[in-house]
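Summary of the model geometry
In case you want the letters, here they are:
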Amino acid sequence: MLVTGKEILDNAHKGNYAVGAFNVNNMEILQAVIAAAEETKSPVIVQTSEGAISYAGMDYLATMVRLAAEKASVPVALHLDHGTTYETIIGCIRNGWTSVMFDGSHHPLDENIAATKEIVKIAHACGVSVEAELGRLGGIEDNISVDEKDARLTSPEEAVKFVQGTGVDYLAIAIGTAHGKYKGEPKLDFERLQTIKGLLDMPIVLHGASGVPEDSIIKATKLGINKINIDTDIRVAFTEGVKSVVTTSDVYDPRKICGPAREAMKKVVMEKMNMFGCAGKA
Ligand code: PGH
Ligand code: ZN
Ligand code: CA
């Protein structure tokens, strides 16, 4: 069934576990994510970036995910990942997304608060949940690219001011992860996470979680992370699935190429669901 992001994440916050938010761009990724959620009995957040929307079309994604959610035996939320424009955010609200992220993290604090507050007012009037980001992650997520030198960890004081000033339902914080693949091993600032969670009694979001070692993910979940965004690890699984079968020019049936890729993605998503603690929580 299709539910709001807030419903899924308030339960995760109360139950002290994290729910995976997986980026989808096409039917095979969506089916892999839903099949993994059903097999592990996990609530799940299906998320689309602005890049996914320009690739597949807002109407296609809305229709596919609505169908998938209606048929699913687990709660499914449809979330906009890193929304940057009114056009996308309002479009998603009108097309049935049940959660939107407004990413104003590139603005100065007061401007970010003012813009986010406006989005919250509109979204809440429509029964849609809102995520925002404070601090800045380095790396590349679709059409958003942030230089390492511009990355900035979240200030706990600013986080309190931001949440009070905007009324967001969940907050994404920067504690050392980055979008995309890591060169070395990411070092997470757990103390910062603990301080922020102590100040804010609400669900907290971790972006850039592909490539973060399992022990760090488990620790972050124990300390209060409730939504974990995964994109790159699914892309890698897809590509490896394709490569495993496209070894000769005799393979040219899309179903024989995308089928194994879908299986490979499902396996990775199931591993994440077990790691995040959401397996069995649906
Ligand atoms: C993410 C995903 N999406 O918003 O934060 O990051 O690609 O590093 O998993 P990764
Ligand atoms: Zn992100
Ligand atoms: Ca990453």
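Placed above this text is the structure.
I will try to describe carefully the structure that is included in this document. (Residues numbered from 1 in each chain as written. Chains lettered and ligands numbered in written order. Predicted model: local features only at pLDDT ≥ 70, side-chain atom pairs only at ≥ 80, totals over all residues. Heavy atoms only, no water.)

Let us look at the overall build of the protein chain. Per the secondary structure count, the protein chain includes 11 helices and 11 strands. Relative to the 2.2 N^0.38 estimate, which gives 19 Å for 282 residues, the radius of gyration of the protein chain is 18 Å and therefore close to what a compact globule would have. Each of the three principal axes of the protein chain carries a C-alpha extent, and together these read 60 × 40 × 35 Å. Considering the protein chain as a whole, with its 282 residues, one finds that 56% of them fall into the buried category. Partitioning the intrachain contacts of the protein chain with sequence separation of at least 6 by distance along the chain shows that 73% fall at a separation of at least 24. In the form shown here, the protein chain has an accessible surface area of approximately 12500 Å², with 53% of it arising from carbon and sulfur atoms. Across the protein chain, 29 positive and 37 negative side-chain charges occur, with their mean positions spaced 3 Å apart. (Helix = DSSP H or I, 4+ residues; strand = E, 2+ residues; numbered from the N terminus. Rg over C-alpha atoms; globule rule 2.2 N^0.38 Å. Buried < 20%, exposed > 50% of the residue type's maximum accessible area, 1.4 Å probe, protein only. Contact = heavy atoms within 4.5 Å. Areas by Shrake-Rupley, 256 points an atom, 1.4 Å probe, with all protein chains shown as cover. Lys, Arg positive; Asp, Glu negative; His and termini not counted. Charge placed at Lys NZ, Arg CZ, Asp CG, Glu CD.)

Let's shift gears to the coordination of the calcium ion (ligand 3). Around the calcium ion (ligand 3), the donor atoms from the protein are Ala-178 (O), Gly-180 (O), Gly-208 (O) and Ser-210 (O), and they sit 2.5 to 2.8 Å away. Each donor residue of the calcium ion (ligand 3) belongs to the same chain, and together they define the spacing A-x1-G-x27-G-x1-S. Of the two residues, Gly-180 sits in the loop between β9 (178-179) and α8 (190-199) while Gly-208 sits in the loop between β10 (204-206) and α9 (214-222), which places them 28 residues apart along the sequence. For Gly-180, a relative accessible area of 17% puts it in the buried group. (Donors = N, O, S within 2.8 Å, 3.2 Å for Na, K, Ca; no water.)

Quick look at the site of ligand 1 now. Near ligand 1 there are 15 residues, and of these Asp-81, Gly-208, Ser-210, Asp-231 and Thr-232 occur at the shortest range. Take Gly-208: an N or O atom from its main chain is 2.8 Å from an oxygen atom of ligand 1. Taking 300 Å² as the accessible area of ligand 1 by itself, protein coverage stands at 99%. Mapped by element, the contributors of at least two residues to the shell around ligand 1 are β3 (76-83), β9 and β11 (225-230). By residue class, the composition of the shell around ligand 1 is 3 nonpolar, 9 polar and 3 charged. (Near = heavy atom within 4 Å. Polar contact = N/O pair within 3.5 Å; in protein donor to acceptor, adjacent residues only side chain to side chain. Nonpolar A, V, L, I, M, F, W, Y, C, P; charged D, E, K, R; others polar.)

By size, the foremost hydrophobic cluster in this structure holds 85 residues, and its most contacted members are Phe-22, Val-46, Trp-97, Val-100, Leu-171, Ile-204 and Phe-276. When neighbours within four sequence positions are excluded, Phe-276 is seen to be in contact with Tyr-17, Ala-18, Val-19, Gly-20, Phe-22, Ile-217, Thr-221, Ile-228 and Ile-230. (Core = buried A, V, L, I, M, F, W, Y, C linked by side-chain atoms within 4.5 Å.)

All right, on to helix α2 (residues 27-40) then. Taking 1.5 Å of rise per residue, the 14 residues of α2 would be expected to cover 20 Å, and the 20 Å separating its terminal C-alpha atoms lies within 8% of that figure. All buried positions along α2 are accounted for by Glu-28, Ile-29, Leu-30, Ala-32, Val-33, Ile-34, Ala-36, Ala-37 and Thr-40. One side-chain oxygen at the N-terminal end of α2 lies 3.2 Å from the backbone nitrogen of Glu-28; it belongs to Asn-26. (Expected span 1.5 Å × (residues − 1).)

Protein ligation of the zinc ion (ligand 2) involves His-82 (NE2), His-179 (NE2) and His-207 (ND1), the donor distances falling in the range 2.0 to 2.1 Å. Site description for the zinc ion (ligand 2): donor spacing in sequence, H-x96-H-x27-H. Residue His-179 is located in strand β9, and its partner His-207 is located in the loop between β10 and α9; the two are separated by 28 residues in the primary sequence. Look at His-207 and you get buried, because its relative accessible area is 0%.

By secondary structure assignment, the location of Leu-193 is in helix α8. Among the residues examined, Leu-193 registers a relative accessible area of 0% and is labelled buried. Filtering out sequence-adjacent residues up to four positions away, Leu-193 remains in contact with Ile-173, Ile-175, Ile-204, Ala-220, Leu-223 and Ile-225.

Let us now look at the side chain of His-207. Among the polar contacts listed, one links the side chain of His-207 to the side chain of Glu-131, at a separation of 2.7 Å. Once you skip the residues sitting within four places of it in the chain, His-207 turns out to touch Asp-81, His-82, Met-101, Glu-131, Glu-133, Leu-137, Ala-172, Thr-177, His-179 and Asn-229.

Here we come to the pattern of salt bridges. When their charged atoms lie close together, side chains carrying opposite charge are able to pair. A full pass over the atoms with the stated rule returns 9 salt bridges. When the shortest N-O distance is used, the salt bridge between Glu-39 and Lys-266 registers 2.7 Å. A residue pair is termed long-range when its members are at least 10 positions apart, and Glu-39 in helix α2 and Lys-266 in helix α11 (residues 254-276) qualify at 227 residues. We classify Lys-266 as buried; its relative accessible area is 15%. Residue Asp-253 is joined to Arg-255 by a salt bridge in which the shortest nitrogen-to-oxygen separation is 3.1 Å. (Salt bridge = Lys/Arg side-chain N within 4 Å of Asp/Glu carboxyl O.)

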